[in-house]
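An overview of the molecular structure
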Amino acid sequence: MQNSSGDARHTEQIEAHGLKALRLSASGSEALVYLHGAHLASFRTSEHGELLWTSELAVYAPGKAIRGGVPLCFPWFGPHATQSYLPAHGFARTREFRFEGSEMRGDNVVAELSLSSSEDTLPLFPHSFTARLRLTVGRELSVAFEVENTGVEPLDYELALHTYLGVSDVRHVEVSGLGDAVYDDKVSGERALTQGREPLRFTGETDRVYDSSARVTVLDVARKRRLVIDKTCSATTVVWNPWIEKAKRMADFGDDEWPGMLCIEAANTGARRISLPPESRHTTTTIISAETP
Ligand code: TA6
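Below is a summary of the structure that appears in this document.

Rules of the game
Residues numbered from 1 in each chain as written. Predicted model: local features only at pLDDT ≥ 70, side-chain atom pairs only at ≥ 80, totals over all residues. Heavy atoms only, no water. Pairing = 2+ DSSP bridges. Helix = DSSP H or I, 4+ residues; strand = E, 2+ residues; numbered from the N terminus. Near = heavy atom within 4 Å. Polar contact = N/O pair within 3.5 Å; in protein donor to acceptor, adjacent residues only side chain to side chain. Areas by Shrake-Rupley, 256 points an atom, 1.4 Å probe, with all protein chains shown as cover. Nonpolar A, V, L, I, M, F, W, Y, C, P; charged D, E, K, R; others polar. Core = buried A, V, L, I, M, F, W, Y, C linked by side-chain atoms within 4.5 Å. Buried < 20%, exposed > 50% of the residue type's maximum accessible area, 1.4 Å probe, protein only. Contact = heavy atoms within 4.5 Å.

Turning our eyes to something else, we now look at the sheet that holds strand 2 (residues 19–26). Taken together, 5 strands build an open sheet; the order of strands is 1-2-3-4-5 and the sheet is antiparallel. Whereas interior strands pair on both sides, the edge strands pair on one side only; in this sheet they are strand 1 (11–16) and strand 5 (49–50).

Rendered as structure tokens:
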């Protein structure tokens with residue numbers, strides 16, 4: 001990997017909303033990633049425009065996760081299993097990552113950011129680790145999150161690449177790829193339900209954790225595009241839209257913004273959490289693209 005100065009032809013080190021960020025450009029596409037949380041906030045292609053969603057009310061500040069893009073939920077998903085006072089979705093999305101460098105590989109630019117355990121993280125997660133986010137930007141976007149256990153004890157972690165997709169209106173899209181998958185419904189509290197074979201449509205608050213490794217597509221006829229969310233080494237897929245009432249309860253989420261987004265998250269959560277022996281690594285990847293239906 002080229003040194004962390006990057007190369008202006010594909011990597012610009014900028015400041016946006018008061019935070020350090022990288023603008024990555026290749027093959028007519030452009031991505032914006034903040035060092036804060038290694039938070040990918042935008043991915044735009046020449047053919048289909050912006051594929052992600054970010055709230056107009058997003059807060060760009062230390063200690064706060066940016067509402068939108070691809071927040072990194074690590075090393076736990078949702079509330080902490082035993083220490084409820086700890087931040088939901090872990091701490092990676094609010095920590096400053098280090099830019100390790102970027103380079104062209106074929107028609108894509110690849111950039112790497114890293115976060116290592118420290119005296120700051122050990123009280124929250126008593127393990128030595130190095131996390132690396134590898135972004136590959138081109139006609140598609142690949143977000144690869146690698147965790148290396150640098151300690152002498154095994155470590156378990158959960159992960160969700162919490163992708164906020166941009167859609168014309170969540171009430172008019174269809175999600176395919178989850179047919180027959182078993183899921184837990186976090187809205188109703190029901191567990192081990194089975195998704196029918198019909199495409200998934202949205203008529204209310206939806207918060208589901210599917211036991212699925214499958215590729216998911218989101219057909220958005222109004223925008224004349226199908227979003228494709230592929231993934232590797234991910235055994236759970238989280239599908240979320242807050243709908244009206246939950247959107248109103250989030251200060252960094254506009255009351256009228258909920259129709260414009262849909263989360264399809266490549267994850268490893270709950271029983272599918274990752275167990276890493278000492279000196280081993282695991283990478284979870286989500287690959288996001290768009291095609292014309
Ligand atoms: O991924 C869905 C979810 O777990 C929802 O339950 C909701 O809490 C969402 O994440 C957003 O969480 P956040 O902490 O970013 O507000």
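Don't stop here, the text continues.
Close to the ligand lie Arg67, Phe77, His89, Arg93, His162, Lys186, Asp207, Val238, Trp240, Lys246 and Glu265. Within the side chain of Arg67, one N or O atom sits 2.9 Å away from an oxygen atom of the ligand. The separation between an oxygen atom of the ligand and a polar side-chain atom of Glu265 is 2.8 Å. When the free accessible area of the ligand is taken as 390 Å², the share hidden by the protein chains comes to 83%. Among the residues forming the shell around the ligand, the class breakdown is 3 nonpolar, 2 polar and 6 charged.

Residues Phe145, Val218 and Leu262 are the most contacted members of the largest nonpolar core, which totals 71 residues. With 5 residues, strand 9 (residues 129–137) is the largest single contributor of residues to this core. Those residues in contact with Leu262 that sit more than four places away from it in its chain are Thr163, Tyr164, Leu165, Val167, Val170, Val173, Val175, Phe202, Val218, Val239, Trp240 and Asn241. Grouped together as the second largest cluster of nonpolar side chains are 10 residues, Ile14, Ala16, Leu19 and Tyr60 included.

Here the focus is the environment of Leu52. Along the chain, Leu52 turns up in the loop between strand 5 and strand 6 (72–73). On a C-alpha basis, the gap between Leu52 and Gly189 in space is 29 Å, while along the polypeptide they are 137 residues apart. Excluding its chain neighbours within four sequence positions, the residues that come into contact with Leu52 are Leu40, Ala41, Ser42, Phe43, Gly69, Val70, Thr163, Tyr164, Leu165, Gly166 and Ile288.

A few words on the pairing of strand 21 (residues 261–268). With respect to burial, strand 21 is a largely interior element, 8 of its 8 residues being buried. Both faces of strand 21 are covered, namely the face carrying Met261, Cys263, Glu265 and Ala267 and the face carrying Leu262, Ile264, Ala266 and Asn268. The pairing of strand 12 (residues 159–161) with strand 21 spans 3 bridges and is antiparallel. Looking across to strand 21, one finds that Ala160 is bridged to Ala267. Relative to strand 21, strand 13 (residues 164–166) is paired through 3 bridges, and the arrangement is antiparallel. Paired with Leu165 across the strands is Leu262, a residue of strand 21. Direction of pairing for strand 20 (residues 236–241) relative to strand 21: antiparallel, over a ladder of 5 bridges. For Val238, the partnering residue across the bridge sits in strand 21 and is Glu265.

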